[in-house]
Amino acid sequence: MSSRLRIIRTLTNSAVGLLRDRTILALSILFGISLAVLLSHQARERTNFIESTAVDQAASYAHLISIFRESYSSEVATIAAKQSLEITHDYHHQAGAIPLPATLTMIVGDHITKNQAGERLRLCSPYPFPHRRSTSGLHDEFEKDAWKALSENSEKPFYRIEDIDGRRSLRYATADIMKNSCVHCHNNHANSPKNDWKLGDVRGVLEVDIALDAILAKGEAYKQQPLHVVLGLFALGATCFAIVIPRFHRISDELETQVSKRTMEVLNNAVELSQANTELTTLVSSLSESKEEIWKQQKRYKTILDNVVDAIITINGKGRIEEFSLAAETMFGYTFDEVVGKNIKMLMPAPFHGEHDGYLARYLSTGKKNIIGIGREVVGKRKNGTAFPVQLSVSEIKLNDGSEDAGGRRLFTSVIRDLTAQKQAEADLIASKEVAEAANLTKSEFLANMSHEIRTPMTAILGFTDLLLDSVDDPENIEAIRTIKENGNYLLDLINDILDLSKIEADKCEVERITCKPHEIIANVASLMRVRAAAKGLLLEIQFEGDIPETIESDPTRLRQVLINIVGNAIKFTETGTVRIVTRLLNEPGQDAKLKFDVIDSGIGIAEAGIENLFNAFTQADNSTTREFGGTGLGLAICKRLAELLGGEIVVSSTLGKGSTFSFTIATGSLDNVKLMQNWTVSIIKETSPNASVKIDPQLNNSRILLVEDGPDNQRLIGFVLKKAGAEVALAENGQVGFDLAIAAKAAGTPFDVILMDMQMPILDGYRATRQLREQGYTEPIIALTAHAMSEDRQKCLDAGCDDYTTKPINRGELIQLISKYAGRKG
């Protein structure tokens, strides 16, 4: 029995020993694992501590620099620009200049690098200004990686730890974002490497480097504290094991279970308490900041609304006023207290006053809009009862504040603009326009009537002057008659110039765009001007430089008018020497082709002071010019405007006593498929030589002409000219007689070859006479003869049924040629 007991005791002791040994082993292993976990955790915490500390410090630097740059750009640089101070990187060498924001940032970075050991600040970008290419580009992998990361996500900083100059350092980069104050400057700076920046673009990288030496020292201290604690716990644990091992077997499991359970409860409670405390602190801080921000926003919005020129009024769904801005008080004459809570229709005159509630109720029930979201002109009523026009725009908002049956309140905000001044300005403008149009019409009618009244007697004066020249032999009489003719032509030229200038100033001068040959126009001008030049002993030269287009798209009549005027001036103001017309093509790549004409003379020249007023109407170089050479000063004013209408300009250069050069250009139109010609000069000289054939006026042999003219002088003159050209002429003193003669001749089978119809006559004028003839089926040619020379007069004649149009005073050769053109035509 005792043996069995010993065996049992031995087995029991062995089991207990085994259990104790296993427990000690398990505890040792558990303690070792815990120690390893604790040390590993502490290493991670040390690394996180170092990194987070360095990142926080770098982030603070970057944030402060960004605030500094933004403040400098918006406050200092903006004010400096308004004061016209130079803002440049080279401010050291320019008096009164200040540095650019980026330049100042680099200066601050240099000071930080110099005075703060282990710390560095720099800006870099792949788009550096030319003067910073060597210092501000992307120079290493970190800067390139930072640029790429920040370009993809500008809000997330980019950093990593690297060795810089043998020291472990954190390199921390944030995005340099384009602000409002930066975009305009960078896009418009002469040396900007990029000029399409937009708000929010990443301009570059702001890098802050922090040496980790000091932070690593703190990390070592952080590392030693738990190690000492662990060693102490290890020693204490070993002692406890030696004392409590005999009893450990009985209570270890229970104690461990209870301790573990209680420890977890305490830890969980501590964590929850810490989290709750953190959340509560954050919430309190957020509420405080939100309250402050809401107050600031309310103050800011109120300030904005109080300074808006337009009135702003808010009403509820019942039409009662809830908000009434300062501008509304000024506009309507009521104070806020006088209108708040009252129906907005108090601000409306009839019938809007009675209709408003119906509009609002209809919208709330059906959604049909009358003004909301549309805007319209309505009438408002001030406190003093006066009505005034306003522009009304209404928008709707819903407030989800649980009211109005939990559907939220519906508010309507009106923006009201007083249109009183605008309407008055429009009325004044209309009245001014009507006055101007009436004045312009009066001027046009006056010019037309003046032209007619002067041209009618001029027809007889110039016509009979030509006839007298053919029949007078006495030299003194011939000279007197020529003097009369020259002065008559001068008066006629003056009338034509005044009419041209009037049409140009009234924007009624139209230019054609037809295909014409510039060399033929120049040849025609040269043939006209060569006689005048030869009379003064001057040489008129024509010269073409380079290739000239065979045809251009322009107005040949207006071009000829400009050339004749300028060449005529050159001959008039040149006593000896030469007048040259030089033509060249200006056809630069990327620009519209132009034809340039230089008229160069060796005349008296123009003083510099006289050039400034040369192209003003009724102005010449000085008063002595008018006395010595004559002229009205209208020609160059007309030429300048015509050159502009032809797509070019006119300029002058001159040396007093040596001569002048008048240069003008005209647009050629498209030169695609247009042949460029050379050596025009030779052909032009031959064409305009004195030996060139002279055209002989056509004859009107056996042509039957009906002359309808009420003026006896013009009857005798024109009848004489036509009869001398071989025509048979019948006379009618007014339109009614002319109508009767024309109808009778046609009925007899002998219609007139041409009717020459004066348009201003008593009893029946030429317009009505022509219309009546056409209504009777009369198809023979009718040529209008009138002293009215405005472009609308010609169209009026054609609209009445005339085939063509000529003006008084008549040009004998042109009149005969025009009649000859139609005399052979039969209806």
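About the thresholds
Residues numbered from 1 in each chain as written. Predicted model: local features only at pLDDT ≥ 70, side-chain atom pairs only at ≥ 80, totals over all residues. Heavy atoms only, no water. 1 Å grid on protein atoms, 1.4 Å probe; cavity = no way out; pocket = protein on both sides within 12 Å on 5 of 7 lines; lining within 4 Å. Points joined across faces, edges and corners; volume = space filled by probe spheres on them. Helix = DSSP H or I, 4+ residues; strand = E, 2+ residues; numbered from the N terminus. Pairing = 2+ DSSP bridges. Axes fitted to C-alpha atoms, helices over the stretch in contact; angles between N-to-C directions. pLDDT = per-residue confidence, 0-100. Contact = heavy atoms within 4.5 Å. Left-handed = near helix turned anticlockwise from the far one by under 90°. Nonpolar A, V, L, I, M, F, W, Y, C, P; charged D, E, K, R; others polar. Buried < 20%, exposed > 50% of the residue type's maximum accessible area, 1.4 Å probe, protein only. Core = buried A, V, L, I, M, F, W, Y, C linked by side-chain atoms within 4.5 Å. Phe/Tyr/Trp six-rings, centres within 6.5 Å; stacked < 30°, edge-to-face > 60°. Lys NZ or Arg CZ within 6 Å of the ring centre and 35° of its normal. Expected span 1.5 Å × (residues − 1).

Quick look at empty space enclosed by the protein now. This structure, assessed with the given rule, holds three cavities of 30 Å³ or more. Each pocket or cavity is described by its volume, and for the largest cavity that value is around 170 Å³. Forming the boundary of the largest cavity are 16 residues, of which A102, L123, S125, R132 and R203 lie nearest the centre. Of all elements in the fold, only α2 (101-115), β1 (119-124) and β4 (202-211) reach the threshold of two or more residues within the lining of the largest cavity. Top contributing element to the lining of the largest cavity by residue count: β4, with three residues.

Right, let's talk about the sheet that holds strand β2 (residues 158-164) for a bit. Here we have four strands laid out as an open sheet, ordered β1-β4-β3-β2, and antiparallel in their pairing. At either end of the open sheet lies a strand with only one pairing partner, and these are β1 and β2. For this sheet the average axis-to-axis angle between neighbouring strands, irrespective of direction, equals 25°. Sheet topology note: the strand β3 (residues 167-177)/β4 ladder contains nine bridges and is antiparallel. Considered in β4, the bridge of D176 is made with G204.

Before going further, it helps to examine the confidence of the model for the protein chain. Per-residue pLDDT for the protein chain averages 77, and the proportion of residues at 70 or more is 73%. Counting interchain partners and residues more than four positions distant, the pLDDT-below-50 stretch residues 621-632 has 23 contacts. For the stretch residues 690-696, pLDDT sits under 50, and the model shows two contacts to residues farther than four places along the chain or on other chains.

This next bit is on the packing of helix α18 (residues 712-724) against helix α22 (residues 812-823). As a packed pair, α18 and α22 sit with axes 11 Å apart at the nearest point and diverge in direction by 65°. In this structure, α18 meets α22 at a crossing whose hand is right-handed. Contacts between α18 and α22 involve I718, V721, L722 and K724 on the former and, on the latter, R812, L815, I816 and I819. Of the residues belonging to the contact of α18 with α22, the class tally is six nonpolar, no polar and two charged.

All right, on to the sheet that holds strand β8 (residues 387-399) then. In spatial order, the strands read β6-β5-β9-β8-β7; together these five strands make up an open sheet with antiparallel pairing. Of all the strands in the sheet, the pair left with one neighbour each is β6 (321-324) and β7 (376-381). Taken over all neighbouring pairs, the strand axes of this sheet differ in orientation by 35° on average, direction set aside. Where strand β5 (residues 311-315) meets strand β9 (residues 409-418), five bridges bridge the pair, whose relative direction is antiparallel. Bridge assignment links I315 to a residue of β9, and that residue is F412.

Despite not being glycine, N702 has its phi angle at roughly 65°, a positive value. Tracing the sequence through the fold places N702 in the loop between α17 (680-687) and β19 (704-708). A relative accessible area of 70% places N702 in the exposed class. Within the chain, I763 stands out as a residue other than glycine whose phi angle is a positive 65°. With respect to the secondary-structure elements, I763 resides in the loop between β21 (754-758) and α20 (766-775). A residue is classified by how much of its surface remains accessible, and I763, at 65% relative accessible area, is exposed.

Mapped onto the fold, Y72 is located in helix α1 (residues 2-82). The buried category is assigned to Y72, whose relative accessible area is 9%. Sequence spacing of Y72 and L100 is 28 residues, and the spatial spacing of their C-alpha atoms is 9.2 Å. Each residue touching Y72, except ones within four places of it in the same chain, is listed here: A77, I98, P99, L100, P101 and L104.

Here we take up the nonpolar core. Residues L563, I566, V567, F597, F662, F664 and I666 are the most contacted members of the largest nonpolar core, which totals 42 residues. Those elements giving two or more residues to this core turn out to be α12 (518-535), β11 (539-545), α13 (556-572), β14 (578-586), β15 (594-601), α16 (635-645), β16 (650-655) and β17 (659-667). A total of seven residues in this core trace back to one element, the largest contributor, which is α13. If we ignore the near neighbours within four places in the chain, the residues touching L563 are I521, I522, V525, G568, F597 and F664. In this structure, I321, I344, V378 and F388 belong to the second largest nonpolar core, which totals 24 residues.

Turning our eyes to something else, we now look at the side chain of S414. Position of S414 relative to the elements: it lies in strand β9. Setting aside residues up to four positions removed in sequence, S414 forms contacts with A311, I312, I313, L392, S393 and V394.

For the rest of this paragraph, the subject is the pairing of β5. Here β5 lies mainly inside the structure; five of its five residues are buried. Burial of the side chains of β5 extends over both faces: A311, I313 and I315 are buried on one face and I312 and T314 on the other. Judged from the three bridges that link them, β5 and β6 form a sheet pairing that is antiparallel. Each residue of the ladder has a partner; that of I315, found in β6, is I321. If you look at the hairpin formed by β5 and β6, you'll find five residues sitting between the two strands, and G319 has a positive phi there, around 85°.

In the structure shown here, the tally under the stated rule is seven aromatic pairs. Centre to centre, the rings of Y127 and W147 are 6.2 Å apart; their planes meet at 70°, and the pair counts as edge-to-face. Of this pair, Y127 sits in the loop between β1 and α3 (141-152) while W147 is found in helix α3, placing the two residues 20 residues apart along the sequence. Residue classification places Y127 among the partly exposed positions, given a relative accessible area of 31%. Overall, the relative accessible area of 17% leaves W147 in the buried class. Ring centres of Y127 and W197 lie 5.7 Å apart, and the angle between their planes is 90°; this geometry places the pair in the edge-to-face category. A residue pair is termed long-range when its members are at least 10 positions apart, and Y127 in the loop between β1 and α3 and W197 in the loop between α4 (180-188) and β4 qualify at 70 residues. Overall, the relative accessible area of 5% leaves W197 in the buried class. Feature note: the residues Y127, W147 and W197 constitute an aromatic cluster, connected by ring pairs. Seen from the ring of F388, R382 lies directly overhead, with NZ or CZ sitting 3.8 Å from the centre. Of note, K796 hangs over the ring of Y767, and the distance from its end group to the ring centre comes to 4.5 Å.

Moving on, we come to α2. Look at α2: 21 Å from first C-alpha to last across 15 residues, which is about the 21 Å you get at 1.5 Å a residue. Of the positions making up α2, those classed as buried are P101, T103, L104, T105, G109 and I112.

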